[in-house]
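Per-entry structural report
The residues making up each chain are set out below.
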Amino acid sequence: MQTYDAIIIGAGPAGLTAAIYLERAGWRTLVLEEYVYGGQMANTPEVENYPALGKVSGVELSTNLYNQAVEQGATIEFDGVVSASLTAVEKSVTTQSGRVHTAPVVVIANGAKRRKLGVPGEQELAGRGVSYCATCDGGFYKGKTTVVIGGGNTAVEDALYLANICEQVHLVHRRDAFRAGKILTDALKKRENIQIHYNAVPAEILAAEGKKTVGTVRIRDVHTGETTDISAQGVFVAIGLEPDNRKFAEELDLDTAGYILSGEDCKTSQPGVFAAGDTRTKALRQIVTAAGDGAVAAFEAGNYLAAR
């Protein structure tokens, strides 16, 4: 069985950057990824704010980063982590396939996942009209009516993306102003087939009559409580992110939202364990900051390994 100096959990921009830096420094590195390389970046149709690249698709950026990590010598396995033991000098992680990997260093770069609405009908109609990825599932709704829930960059990007495919897009936002950037909101307001519902939240998602697919989205005015029904075939939820760090909660310090407590040096409460990217406490969660975290985590991990 091959031995590693570092195990990285997650193959998003933070994890893959950490792998590149660790391999270049001569440390044998294993990357474990549950889903697809690139993380949320892979589901972004266009990235326009990554320095020096101009406009690039999320898939292209993910693929280039993955290939670079492999070329540097990193081992990447698509096998999700179900548990970890992080307090000993030699850490261990157990994967979905039942394999146990050990190394003196673990870099947690598992990102964050889309937050759920928690309204009636959401769980029952998930995959039957309720989606959390517009670029993944938007093509199923060509010429139809969809609803996007949220008010940040992702929600507005989703609405703009769907407006190119769908006949009508409804954007439901709980406030009277968007949190998204001005460039995005200016573009949003120019689209004639996007209707914005301010000060509204989803109250229920209803199946179409006689079917097991989405037919109606019931929204509620946050001030008056009045409800309105929107006839739609698809619902795209974009209300923010939440970390998936419960498996680490007994051994690492987390904040009240579940993010791993870690400063700009990416060190956690356990020696030899580092957190990089969206999974840790930080003010800005972007591709560029995730990549920066990956480099810092790898640098600090290398120092830790060298000191041993």
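Structural data are supplied above this passage.
Residues numbered from 1 in each chain as written. Predicted model: local features only at pLDDT ≥ 70, side-chain atom pairs only at ≥ 80, totals over all residues. Heavy atoms only, no water.

**Notes on the packing of aromatic side chains**
Stated formally: The aromatic pairing rule takes the rings of Phe, Tyr and Trp, using the six-membered ring of Trp, and pairs them if the centres are within 6.5 Å, calling planes under 30 degrees apart stacked, those over 60 edge-to-face and the rest tilted. Starting at the N terminus, helices and strands are each numbered in turn, a helix being any DSSP run of H or I of at least four residues and a strand any DSSP run of E of at least two. Working definition: with a 1.4 Å probe on protein chains only, accessible area under 20% of the residue-type maximum means buried, over 50% means exposed, and in between means partly exposed. Lysine and arginine charges are scored as sitting over a ring when NZ or CZ, respectively, is within 6 Å of the ring centre and within 35 degrees of the ring normal.
Using the criterion set out here, one finds five aromatic pairs in the structure. Consider the rings of phenylalanine 178 and tyrosine 198, whose centres lie 5.6 Å apart with planes at 55 degrees: the pair is tilted. Of this pair, phenylalanine 178 sits in the loop between β11 (168-172) and α5 (182-190) while tyrosine 198 sits in the loop between β12 (194-197) and β13 (200-207), and the two are 20 residues apart along the sequence. Using a relative accessible area of 33% as the deciding quantity, one classes tyrosine 198 as partly exposed. One aromatic cluster is present, built from ring pairs that chain together Tyr37, Tyr66 and Phe78. Sitting over the ring of tyrosine 132, lysine 116 keeps its end group 5.3 Å from the ring centre. Above the plane of the ring of tyrosine 259 lies arginine 285, whose end atom (NZ or CZ) is 3.8 Å from the centre.

**A look at a positive patch on the surface**
This is how the line gets drawn: Exposure above 30% relative accessible area and no salt bridge define the residues that can form patches, which grow by joining like charges within 9 Å and nonpolar side chains of Val, Leu, Ile, Met, Phe, Trp and Tyr within 5 Å. For the area figures, the Shrake-Rupley method with a 1.4 Å probe applies, and any residue is considered shielded solely by the protein chains shown. Between Lys or Arg on one side and Asp or Glu on the other, a salt bridge is scored when a side-chain nitrogen of the former is within 4 Å of a carboxyl oxygen of the latter. Positive residues here are Lys and Arg, negative ones are Asp and Glu, while His and the chain termini are left out of the count. For charged residues, the charge sits on one atom: NZ in Lys, CZ in Arg, CG in Asp, CD in Glu.
A cluster of like positive charges, contributed by Arg174, Arg175, Arg179 and Arg220, occupies part of the molecular surface. Inspection of the secondary structure puts arginine 174 in the loop between β11 and α5.

**Description of the pairing of strand β5 (residues 91-95)**
Put simply, the rule reads: Pairing between two strands is assigned when DSSP locates at least 2 bridges connecting them.
Across the five residues that make up β5, a large majority, four, are buried. Strand direction decides the pairing type here: β5 and strand β6 (residues 100-103), joined by four bridges, are antiparallel. Paired with threonine 94 across the bridge in β6 is valine 100. Connecting β5 to the next strand, β6, in antiparallel fashion are four residues, including glycine 98 with a positive phi near 95 degrees.

**Here's the deal with the pairing of strand β15 (residues 227-231)**
With five bridges joining them, strand β14 (residues 214-221) and β15 adopt antiparallel strand pairing. Residue valine 217 lies in a different strand from β15, and its bridge partner there is isoleucine 230. Hairpin geometry of β14 and β15 is characterised by an intervening segment of five residues between the two adjacent antiparallel strands and by a positive phi of about 80 degrees at glycine 225.

**Looking at the sheet that holds strand β16 (residues 234-237)**
The five strands are arranged β9-β16-β10-β11-β12 in an open sheet whose pairing can be described as parallel. Looking at the sheet topology across the chains shown, the edges are occupied by β9 (130-131) and β12.

**A closer look at the environment of leucine 206**
Quick note on the threshold: Residue contacts are defined here by distance: any two heavy atoms, one from each residue, within 4.5 Å place the two residues in contact.
Within the element layout of this structure, leucine 206 appears in strand β13. Through-space distance from the C-alpha of leucine 206 to that of alanine 238 is 19 Å; in sequence the pair is 32 residues apart. Sequence-distant contacts of leucine 206, that is, excluding residues within four places in its chain, are made with Leu125, Thr213, Val214, Gly215, Thr216 and Arg218.

**Quick word on the nonpolar core**
Applicable threshold: Throughout, nonpolar core names a set of buried Ala, Val, Leu, Ile, Met, Phe, Trp, Tyr and Cys residues whose side chains join them through atoms within 4.5 Å.
In this structure, Ile8, Leu16, Ala69, Val105 and Val107 are the most contacted members of the largest nonpolar core, which totals 31 residues. Non-local contacts of leucine 16, meaning those with residues more than four positions away in its chain, are made with Gly10, Ala11, Gly38, Leu65, Tyr66, Ala69 and Ile76.

**Re the environment of valine 147**
In this fold, valine 147 is placed in strand β10 (residues 145-149). The exposure class of valine 147 is buried, given its relative accessible area of 0%. Taking C-alpha positions, valine 147 is 4.7 Å from valine 235, a pair spaced 88 residues apart along the chain. Every residue in contact with valine 147, bar those within four places of it in the chain, is listed here: His170, Val172, Val217, Ile230, Ala232, Gly234, Val235 and Phe236.

**Things to note about the pattern of salt bridges**
Counted according to the given criterion, the structure contains 12 salt bridges. The partner of arginine 28 in a salt bridge is aspartate 5, and the shortest N-O contact between them spans 3.5 Å. Linking arginine 28 in the loop between α1 (13-24) and β2 (29-32) with aspartate 5 in the segment before β1 (6-9), this pair joins segments that are 23 residues apart in sequence. Judged by relative accessible area, aspartate 5 falls into the buried class, the value being 12%.

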